[in-house]
Amino acid sequence: ALPTAPSNVKLTLLDFPMESFYFNVDSSAAYYFAGGRQYMYFLLPSTAQSYNRLLAEMSFNKKKRDDHFHDHQLLQENNRSTSRFHPKILTDKSPMAGTIELAGVGITFGNSSSLSALTVVPQSRYSYVGYVNDGSLIYGLSFDTPLDICPSTSSNIQYASIPVQTYALTSTQLLSKPTYTFINVVCGDPPPADSVNSVVKTTASAESSGLTANDCNNGEVAGADTPVTRFFTMGATLQKFTFSYQTFTVRDQIRVFNGNNLIFDSGCVGEMATKTLTMNDPKSKVIRVSVNPNCGCGDPVICTGTLWNFQVKCAVPTILSGGKVVGVGEIKPSGIPTKECAVATMATSQNTLYITSDGVMPDIQAQSAVSAKWSIQFCYTGTHASAGHLNPTYSQTVTGTSTEGSNWNVVSALQGNVIGGTAIATAVLSGQSYTIVFYIRGTNPSPGTIQAYANSIGNVPWYFMAMIAQESNTLNFRTSDRLPLQSYDNGFGLMQLTNSPVPDYNSIFNWKKNVKVGLQKIHDNEIAAAGWISRQRSQCQQDLGVLCPHIPTRNDVKCVFSDQMGATETFINAVAIKRYNGATANYVSWDNKNRVWKLNGGTYVSNVCSHL
């Protein structure tokens, strides 16, 4: 046993709130990760310092920094200035002179008081980084947290508050009395954001600290002089995935863990590379990436000027939209129940995509780390038909292939169709089948957008928007769930297409197709109505033996139907409107028995006219 140092030699480990007060640290520094690189900062009281040693150490460190910057030409890297990493609170006040010099740091994790458990960090592995108002010195060191720091439990998700004892070793080999500090240790996979326990919540936001696992393909993570740890959920265990990184000219070290297993170590490098890595923990679907910046500097705690970035690409097949993860492949040996095509009970904000108000499909990309063969079934079953009417089911399947570095553009495979409901994607790679279920909903266009699109087609009757208002209240999708508006008799969308023709998959989700088909139906009815009126006039003239009289003008709510030359609202229009609703009796006909024009009218025509 070493003799005990004077009581004024007491080394205090700074906890996260103190670190963040003095330094610009990443929020993941609030936690210690088993097997992870950690920067630890200690406070040595002013009464235990040697003024002469302080001056020498400051001079030495300055020269070391200057040499480092000169040797590596760190005046600028990617347009970033290499300003020195400063504590937040420093003063020009000279520290008080003392008689004891710090020669080492001793650390013990857990409750053990045995010196055999003591880890000694020699003088060469820590450095002076500044002093505070009272003259106390702050020392920093780079330290690898032991893998066995975690409690040995069966739980795969572990958080623990672990006591740490820190000792000061003096130049005369005296051992100070320990200072006790509790640290938050993370072992295994992080939990979902809404289940982070109280130990985590007391120190920092779990999400901002990287403690909640990001989706793979969550974009590039970039940084500079601060150590960073981030978690990523990969969707399955024991998978291969792609890991890309760049450390530029100033060397950094990036390590990747699966569970507590180290699966990749870049070494201390300045390079750009892409690696295919393999997860090896059968219990963990999460990887952890830890960055140790400025590792090439003899003293990374005080060195500055680096830049780095990395990106994780999903191990299992993944559906992306706009670069964001929609769904990650899961192994489902029993397949997907067909009832999922009927009602989407599993739809969430993440796995639901939306057709735009302009009728454009959302971006859908199928991605895999290795070559995968895909089959995606889009399906939808109606839900609002009444007794006597069967809810129709629609389906379309597309196939394609994704490879490493090349996604499959699913929307292109749809060849212009705009469809939605439930999408069941199956991907086969490396002999294994994965399934991803996601959902597509619609967005209603504005009345102005509908009118503009109809005008682009041309030959739009004056009653077109009034008819849409009557048919669907100018909605293609229900506001409750954003699925196609459906009537009791299986009319769908803006124009409530029912039959002649029966609406297809594209015309119930694609409001433009719905309008186009509806307009064609109107035009067909107009032609049929004109033929009907012509035949009625011929019958009239045959019965009367003279030129047939005009049909009497009829006021119908806001419509004024006229048979006069140049009229805008004609009886041909009235007949066509009534026929759109499927009526068997025409709006007007010649009564050859009484030899007069008979106005049959109709509630539907009146309803349409009320929307003008």
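Residues numbered from 1 in each chain as written. Predicted model: local features only at pLDDT ≥ 70, side-chain atom pairs only at ≥ 80, totals over all residues. Heavy atoms only, no water.

(A) Layout of the side chain of Gln 253. Inspection of the secondary structure puts Gln 253 in strand β16 (residues 253-258). For Gln 253, a relative accessible area of 10% puts it in the buried group. Polar side-chain contacts of Gln 253 include one of 3.0 Å to the side chain of Asp 265. (Helix = DSSP H or I, 4+ residues; strand = E, 2+ residues; numbered from the N terminus. Buried < 20%, exposed > 50% of the residue type's maximum accessible area, 1.4 Å probe, protein only. Polar contact = N/O pair within 3.5 Å; in protein donor to acceptor, adjacent residues only side chain to side chain.)

(B) Highlighting the sheet that holds strand β24 (residues 365-367). Taken in spatial order, the four strands make up an open sheet running β22-β21-β24-β27, and their pairing is antiparallel. Where the open sheet ends on each side, the last strands, each with one partner, are β22 (324-328) and β27 (408-409). The sheet contact formed by β24 and β27 spans two bridges and is antiparallel. In the strand pairing of β27, Gln 365 is matched with Asn 409. (Pairing = 2+ DSSP bridges.)

(C) Layout of the sheet that holds strand β25 (residues 372-381). Overall, mixed pairing links the five strands, which are arranged β23-β29-β28-β25-β26 in an open sheet. Because the sheet does not close on itself, it has two edges, and the strands there are β23 (352-354) and β26 (393-402). Between one strand axis and the next, the sheet turns through 25° on average, direction left out of account. Where β25 meets β26, 10 bridges bridge the pair, whose relative direction is antiparallel. Bridge pairing in β26 links Thr 381 to Thr 393. (Axes fitted to C-alpha atoms, helices over the stretch in contact; angles between N-to-C directions.)

(D) Just the packing of helix α5 (residues 447-457) against helix α8 (residues 511-544), in detail. Running from N to C, α5 and α8 point in directions that differ by 55°, and their axes come no closer than 10 Å. Classified by the angle between their axes, α5 and α8 sit oblique to one another. You can see that α5 and α8 cross each other, and the crossing is right-handed. On the side of α5, the interface is formed by Thr 449, Ile 450, Tyr 453, Ala 454 and Ile 457, while α8 contributes Trp 511, Lys 512, Val 515, Lys 516 and Leu 519. Here the contact of α5 with α8 is built from residues that sort into seven nonpolar, one polar and two charged. (Parallel < 35°, antiparallel > 145°, perpendicular 65-115°, else oblique. Left-handed = near helix turned anticlockwise from the far one by under 90°. Contact = heavy atoms within 4.5 Å. Nonpolar A, V, L, I, M, F, W, Y, C, P; charged D, E, K, R; others polar.)

(E) Highlighting α5. Those residues of α5 lying buried are Ile 450, Tyr 453 and Ala 454. Across the axial projection of α5, the buried residues extend over an arc of 100°, all falling on one side. Check the buried side of α5 and you find it contacts α6 (464-472) and α8. A positive phi of about 100° marks Gly 458, the residue just after α5. (Arc of directions from axis to C-beta.)

(F) The packing of aromatic side chains, seen in detail. For the structure shown, the criterion picks out 18 aromatic pairs. Ring plane angle 80° and centroid distance 6.0 Å describe the contact between Phe 232 and Phe 310, whose orientation is recorded as edge-to-face. In this pair, Phe 232 sits in strand β14 (residues 228-233) while Phe 310 sits in strand β20 (residues 308-313), placing the two residues 78 residues apart along the sequence. You'll find Phe 232 and Phe 310 in the same group, each marked buried. On the basis of an interplanar angle of 40° and a centroid distance of 6.2 Å, the ring pair of Phe 561 and Phe 571 is categorised as tilted. Note that Phe 561 is positioned in strand β31 (residues 559-561) and Phe 571 in helix α9 (residues 571-580), a separation of 10 residues in sequence. With relative accessibility at 2%, the residue Phe 571 sits in the buried group. Counting every residue linked through ring pairs, the aromatic cluster contains Phe 232, Phe 243, Tyr 245, Phe 264, Trp 308 and Phe 310. Between Lys 521 and the ring centre of Tyr 580, over which it is positioned, the NZ or CZ distance is 4.9 Å. (Phe/Tyr/Trp six-rings, centres within 6.5 Å; stacked < 30°, edge-to-face > 60°. Lys NZ or Arg CZ within 6 Å of the ring centre and 35° of its normal.)

(G) Focus on the state of the cysteines. Under the counting rule described, the total for this entry stands at three disulfides. One disulfide bridge connects Cys 268 with Cys 295, the sulfur atoms lying 2.0 Å from each other. One quick way to see it: the torsion about the S-S bond of Cys 268 and Cys 295 is about 105°, and its sign makes the bridge right-handed. Of this pair, Cys 268 sits in the loop between β17 (261-265) and β18 (272-278) while Cys 295 sits in the loop between β19 (286-292) and β20, placing them 27 residues apart in sequence. The exposure class assigned to Cys 295 is buried, which follows from its relative accessible area of 17%. The partner cysteine of Cys 540 in its disulfide is Cys 548, sulfur to sulfur 2.0 Å. On the sign convention where negative means left-handed, the S-S torsion of about 100° between Cys 540 and Cys 548 marks this disulfide as right-handed. Given the relative accessible area of 14%, Cys 548 is considered buried. (Disulfide = S-S within 2.5 Å.)

(H) Region of interest: the pattern of salt bridges. Counted by the stated rule, this structure contains four salt bridges. Between Arg 478 and Asp 481 there is a salt bridge; the shortest N-O distance is 2.8 Å. For Arg 478, a relative accessible area of 9% corresponds to the buried category. (Salt bridge = Lys/Arg side-chain N within 4 Å of Asp/Glu carboxyl O.)

(I) Spotlight on the pairing of strand β32 (residues 588-591). As judged from the four bridges shared by β32 and strand β33 (residues 596-599), these two strands associate in the antiparallel manner. Directly across from Ser 589, in β33, lies its bridge partner Lys 598. The hairpin formed by β32 and β33 contains four residues between the paired strands, and Arg 595 there has a positive phi angle of roughly 55°.

(J) Highlighting the nonpolar core. The biggest cluster of nonpolar side chains holds 62 residues, and the ones touching the most others in it are Phe 241, Phe 243, Phe 310, Val 312, Ile 319, Phe 378 and Phe 438. Take this core: its biggest share by element is five residues, from β25. If we skip the residues at most four places from it in the chain, Phe 310 touches Gly 219, Glu 220, Val 221, Arg 230, Phe 232, Phe 243, Ser 244, Tyr 245, Val 289 and Val 291. One finds Phe 464, Phe 561, Tyr 580 and Cys 609 within the second-largest nonpolar core, a separate group that totals 39 residues. (Core = buried A, V, L, I, M, F, W, Y, C linked by side-chain atoms within 4.5 Å.)

(K) Highlighting the layout of surface pockets. Considering only enclosed or pocket space, the largest pocket measures out at about 400 Å³ in volume. If you trace the largest pocket, you find 16 residues lining it, with Val 326, Gly 327, Val 328, Glu 330 and Gln 350 closest to the centre. Of all the secondary structure elements, the ones that give two or more residues to the lining of the largest pocket are β22 and β29 (432-441). Looking at the lining of the largest pocket residue by residue, the classes come out as five nonpolar, seven polar and four charged. Taken as a whole, the second largest pocket spans an internal volume of roughly 290 Å³. Considering the residues around the second largest pocket, the lining is formed by 15 residues, among which Glu 471, Asp 489, Thr 498, Tyr 580 and Asn 581 are closest to the centre. Those elements giving two or more residues to the lining of the second largest pocket turn out to be α6 and α10 (603-609). (1 Å grid on protein atoms, 1.4 Å probe; cavity = no way out; pocket = protein on both sides within 12 Å on 5 of 7 lines; lining within 4 Å. Points joined across faces, edges and corners; volume = space filled by probe spheres on them.)

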